[in-house]
Each structure stands twice: as C-alpha cells, then as structure tokens.
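Here is how the chains run, residue by residue.
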Amino acid sequence: MQWQIELDHQRPLVEQLVEQLESGIRQPSAPGSRLPSIRRLSAELGVSRNVVIEAYERLVATGRVRSRQGAGFFVAARDVDRHEQGARDGMADVSSAMWDLFQDPGDGLRLGCGWLPIEWRDDAVLAHAVRQVTRHSASGLFDYSTPLGAPELRAVLQERLRGLAIDVEANQLLMTGGATQALDIIVRCLFRPGDTVLVETPGYYNLFGLLHLNRIRVVGVRRNADGPDTQHLEAMIEEHSPRAFYCNSVFHNPTGSTLSPAVAHRVLQLAERHDMQIIEDDIYADFQHHPTPRLASLDGIDRVLYVGSFSKSLSCSLRVGYIAAAPGLIGSLVDVKMLSHIATSPFAEQLVTTLLRNGGYRKMMERLRMRLGEQSARALRWLEQGGWEVYTVPEGGMFLWIRHPRVHSSRLLVEAAGQLGIRLSAGDVFLAAEGDTPWLRLNVAYTEDARARQFLTALR
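Participant: Just checking my understanding: could you explain the pairing of strand β11 (residues 321–324) for this structure?
Facilitator: A regular strand places its side chains so that they alternate between the two faces of the sheet. Covered by surrounding structure in β11 are Gly 321 and Ile 323 together with Tyr 322 and Ala 324, the residues of both alternating faces. Sheet analysis places strand β4 (residues 173–176) next to β11, joined by 4 bridges and oriented antiparallel. Note that in β11 the partner of Leu 174 across the bridge is Ile 323. The pairing of strand β10 (residues 304–309) with β11 spans 4 bridges and is classified as antiparallel. What sits directly across from Ser 309, in β11, is Gly 321.

Participant: Please clarify how the pattern of salt bridges should be interpreted in this entry.
Facilitator: It is possible for side chains bearing opposite charge to pair when their charged atoms get close. Summed over the entire model, instances satisfying the criterion amount to 19 salt bridges. Put simply, Arg 58 and Glu 54 hold a salt bridge, and the shortest N to O gap is 3.0 Å. Residue Arg 58 and its partner Glu 54 are both found in helix α3 (residues 49–61); the two are separated by 4 residues, about one turn of the helix. Among the residues examined, Glu 54 registers a relative accessible area of 26% and is labelled partly exposed. For Arg 162, the salt bridge identified is with Glu 159, shortest N-O distance 2.6 Å. Here Arg 162 pairs with Glu 159, and both are found in helix α7 (residues 151–162), just 3 residues apart, close to one helical turn. Exposure remark for Arg 162: the relative accessible area of 39% places this residue in the partly exposed category. Salt bridges here are not isolated pairs; linked through shared partners, they connect Glu 159, Arg 162 and Asp 167.

Participant: How should the sheet that holds β11 be read in this particular structure?
Facilitator: Picture the strands of a sheet paired through backbone hydrogen bonds; they go either parallel or antiparallel. In spatial order, the strands read β4-β11-β10-β9-β8-β5-β6-β7; together these 8 strands make up an open sheet with mixed pairing. Every other strand in the sheet has two partners, leaving β4 and β7 (227–228) as the edge strands with one partner each. Pairing of strand β5 (residues 196–201) with strand β8 (residues 244–248), which is carried by 2 bridges, proceeds in the parallel orientation. Note on β8: the bridge partner recorded for Val 197 is Ala 244. On the sheet, helix α8 (residues 178–190) packs against β4, β8, β9 (277–281), β10 and β11 and is oriented at approximately 155 degrees with respect to β10.

Participant: Quick question: what am I supposed to make of the packing of helix α10 (residues 230–240) against helix α11 (residues 261–273) here?
Facilitator: Packed helices, taken two at a time, are described by their axes: the angle between them and the distance between them. Packing of α10 against α11 brings their axes to within 10 Å, and their N-to-C directions diverge by 10 degrees. It follows from the interaxial angle that α10 and α11 lie roughly parallel. Between α10 and α11, the contacting residues are Thr 230, Leu 233, Glu 234 and Ile 237 on the first element and Val 263, Arg 266, Val 267, Leu 270 and Arg 273 on the second.

Participant: What am I meant to see in the sheet that holds strand β13 (residues 399–403) here?
Facilitator: An order of β12-β13-β15 is seen for the 3 strands of this open sheet, with the pairing classed as antiparallel. Only two strands of the sheet have a single partner each, and these edge strands are β12 (389–390) and β15 (440–443). With 4 bridges joining them, β13 and β15 adopt antiparallel strand pairing. Residue pairing in the sheet places Ile 402 in a bridge with Leu 440 of β15.

Parameters and conventions
Residues numbered from 1 in each chain as written. Predicted model: local features only at pLDDT ≥ 70, side-chain atom pairs only at ≥ 80, totals over all residues. Heavy atoms only, no water. Buried < 20%, exposed > 50% of the residue type's maximum accessible area, 1.4 Å probe, protein only. Helix = DSSP H or I, 4+ residues; strand = E, 2+ residues; numbered from the N terminus. Pairing = 2+ DSSP bridges. Salt bridge = Lys/Arg side-chain N within 4 Å of Asp/Glu carboxyl O. Contact = heavy atoms within 4.5 Å. Axes fitted to C-alpha atoms, helices over the stretch in contact; angles between N-to-C directions. Parallel < 35°, antiparallel > 145°, perpendicular 65-115°, else oblique.

This is how it looks when you write it as structure tokens:
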C-alpha cells in the first residue's frame, strides 16, 4: 500500500504516519505481513528515520505490530480479545494525552496541567538545601540508596505521619521515585493480568494507563463531593470481585474533593467484608491546612497501602515518594522495587530530609497554601461571572472540576481555549471508561494569567 503524509501539515509527522499505518493494518490481508523497513519507509516519505522508528514503537506498544530482532516489524498475526484490545486502546489514549500535556507550550498557558508553576517555587530555599547536601555528603551524588530508602528520611516521615494519626514503623516505609513509581511497584507486586481493580471516575488518568499496561481490568466507581459513591462501590464489588480499590483521599485529582469521615468508614467496612485491599493516594496531603481522617489512619495500615509524595509540593524533578504498608507486604514491595528500579536517588532523599529538618519545607508549604487559597478564591469569582458550574468548592489544593451549561463537550472548550493560547486537557481522559463529558479540570495556580480570566468570563 502507498503511505502518504503531508510534510507541511500542522499535525506531527509521527501522528500522521501512525494513522496511515493503522489504516493498512486493519485490512483483512494484513495480519502477519511484514511492514517496510525503517530505511525504506523513511526514504519513500522523505522523513527522518526517527519519525518512522517512533511510529513503529507506538504501534508495538499498543500490540498492533510485533518486532522481530533482525527481521523487522510485522503486523500482529493473532486476534486479541475485546478486553485486551480495550486495555491497549486505553493505554494509547492516556499516553497520547500525557504526551500533549508535557510538550513545551512556548508562550501558551498550561491552565489544565497537574503541577505548580515554576515561578511559585522557592528556588532560594531549595538551592540552600542543595549546597548543604553537597557540602556534607558526597555519597548522595555517587552511591546507591538502601533498598528501603534513606533511613534518616524514613525516620522523619514516620514522625510526620503520626501527625496524620498514621502509626507506622520506619521499616514499613519504602521510598520511591515519586508516587507514579510507587503505584507501578504496587501494581507489579499485587496484581496479575486479568485481575480487576476499582478506580474512581473521574480519576487519575496515569493510573488508568498503568493498569492497562499491565493488562489489569479497570472498573470505575463514581466520585462524589465527599468521596467515592459507596452504594456504587458496593455494587461494583459485588459484580466484579476486585482485588483492590484505588482512592485519592485529599484534594482529589481532578475534582478537588476530600474524603469525609463517614465515607471513609464505609469504604473500610466494604473492604473488610469483601477482603479487598485499598490503595490510598495522598500526594496532596501537604496542601491541606487542617488534617482530615485518612483511610490509613482508620485502618492502621492493615489492608490499606498508603502512597505519599513530595513531587507535587516540592519539585516535579526530584521524584521523591513513598509507600507505607503492612509488615508482611513490605518485603515483596522491596523485591519488586529492586528488580524493576534497583534504587531511588539518595541525593534527592537527602535533600528532602534536609528541608524537612531545617524548617524550609514547612515554610514553603505555608506560603503555598496561602497563595493557592487566594488564587482559588479569585478563580471562583471569575467562574461565577462566566456562568460556570463548579463540582465542589475545595478547602484547598490546586484543582477545580468545572463545566459550562452552554457547552456539552469539554473537547469544544479545549479547542476554544487553544485559540487564546491556553492548553487544557479534555475531561474524558479522567474517565475510567470511554465517553465524552462536559467537565474540565482547572488548575487555579495558573489563573493569575490575564488569558485565564478572559477565557473563564467570556462564555456568559
């Protein structure tokens, strides 16, 4: 078949080529056939070999193409069952959305992203801690960390968690490269292909992709303003017999909602009755002014695995997170960590330890919480002026989950925002199942920009 792409088109060359290849792969005669070599296809299309390589790799990742060392690339010969194909499609959708989100926006405004602006970071406090670490310890620059992670940091975390009424020993804490690596370790350790995991919907799209990547069946549970819908949760448990339930307890991504004590107790009752584990994601804990009950504090780290992180609050690039787990499980988690990631960064762990001990981190969080609260109040006023509906008004954090009564699809809002130089993520990427939604995630930290106010107030 003839492959054609438009070199002067606005769409990336890789996306055009993937679309062309997928069209050919769907032909009845395609399964098992060999695709053109990288050199041949790049010459025919007049594009670099890297474009062809990336297109082929994307198709390999979704299972549509097989790579045979020394022989080339072939259309997948076997049919995949509907569930597995759905998992692959979901994984591709998530990775594509993440690819767009992490591209350099140039002069664009990342109004829908999941992290704080660089100008909000206190680089002076961070730089001072970096100098302290490099001056007093060369091991952090060159050595591996211990399997569990830096003992000094785990001891500090043990005391911090007691402030949340989570009582764990230091050897029940496993340091990870951020919460994403923590979730990856948990998924690899606890689940096998074909298992079912319940997730909140809307919820964390990267978790959905991670579960799909590991061939785990993903079933959504509605998220309300006070936490997961417990009636829906009970129904999904009885229907699907899941291995675990994932819950983002405080300042939920993307709705900004926080788990209420009544809902937390009910979730734990259901987990106990049905012998189900719970993965509690609490990466926004330090954005909260006054701690509320956590599942881990009520459960005592029995069937709850608690995930925390400093990547959102301190720095995305430091990648310091952790898992708190029952003594009988922590050894298996360490094994998976060592086999899949070897070790975490001792330099990053020493840096976080220094900031926690010298008070720098506490002062940074106080300023961040105050600034987020002020900016959230302004954003809510502008949303009211623009006629928007807010899912719930959070008591802190970064996110608002919003929709406009005049717009039935968030993708139309993404398109309209793009014309103003604003980047948003369509709300459907936060859904556990396919479908459109009018809801959209807003990061209040970026609403200081005049373009944000223009966009939010214009639709009335």
